[in-house]
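Below, each chain spelled out in residue letters.
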Amino acid sequence: MFKIVSVNVGTATPYEHTTPGITGIFKKPQLGPVEIGPYGLKDDAICDVEHHGGLDQAVYLYGVPDYNYWAGEIGKALEPGTFGENLTVENLESGIICIGDRFTLGSLILEVTSPRIPCRTFAARMDDKFFVKKFLAANRPGIYCRVLANGIVSAGEDLTLVPYDGV
């Protein structure tokens, strides 16, 4: 069983890196329920629509075991939302989830579409110009999902994994 530890939403935030920009990667935990529709969480900023968001990257999940790994690597605990994920999930190890697997919660159905491919904005978020390479090497990418059925989520709720049946 997988439990939602945190539901995270970002606002458009300026950042500095090799070139200045605006990003929605700085996600903050939300109190109370949040609606999820075809394009993701209500009020979540997607600033680079060419490379992020859309129907196949509507919701990004990252797991607590992967957070624990990074805390050991970095030497400090990281807050939910640090990796820009919408849902921080207990017991979720992204390296063992398959494309086509589904997560359900009430009426909500999420279908796994791809792992995350990190970018320079992610490196800027982590304040480490080498973090993209470190992230890829760790094989802890988190997972993007499309929304097959809209729903509402809150921290503390259980997600049920429905493995892809190959059909």
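What you see as residue numbers is a count from 1 along each chain, following the sequence as written. Local features in a predicted model are, by the rule used here, given only for residues with pLDDT of at least 70; side-chain atom pairs are given and counted only at 80 or more, and totals for whole chains, interfaces and linings are based on all residues. Hydrogens and water molecules were not included; the side-chain quantities draw on all heavy atoms of the structure.

## Topic: unusual backbone geometry
Non-glycine residue Asp43 carries a positive phi angle of around 70°. Secondary structure elements are defined from DSSP: runs of H or I of at least 4 residues count as helices, runs of E of at least 2 residues count as strands, and each element is numbered from the N terminus. Topologically, Asp43 is positioned in the loop between β6 (40–41) and β7 (59–63). Take Asp43: its relative accessible area is 63%, and that puts it in the exposed class. Residue Asp127 is not a glycine yet carries a positive backbone phi of 55°. Residue placement: Asp127 occurs in the loop between α2 (120–125) and α3 (131–138). The rule is simple: take the accessible area with a 1.4 Å probe, protein chains only, and divide by the maximum for that residue type; under 20% is buried, over 50% is exposed, in between is partly exposed.

## Regarding the nonpolar core
In a soluble, globular protein the nonpolar side chains are often hidden away together inside. Val59, Leu61, Leu87, Phe103 and Leu110 are the most contacted members of the largest nonpolar core, which has 24 residues in total. Mapped by element, the contributors of at least two residues to this core are β1 (2–10), β5 (34–37), β7, β8 (87–90), β9 (102–105), β10 (108–115) and β11 (143–149). With 4 residues, β1 is the single largest residue contributor to this core. The term nonpolar core refers to a set of buried residues drawn from Ala, Val, Leu, Ile, Met, Phe, Trp, Tyr and Cys, joined through side-chain atoms within 4.5 Å. Ranked by size, the runner-up nonpolar core spans 13 residues in total, among them Ile25, Phe135, Ala138 and Tyr144.

Bear in mind that shape data such as this cannot, by itself, settle questions of function.
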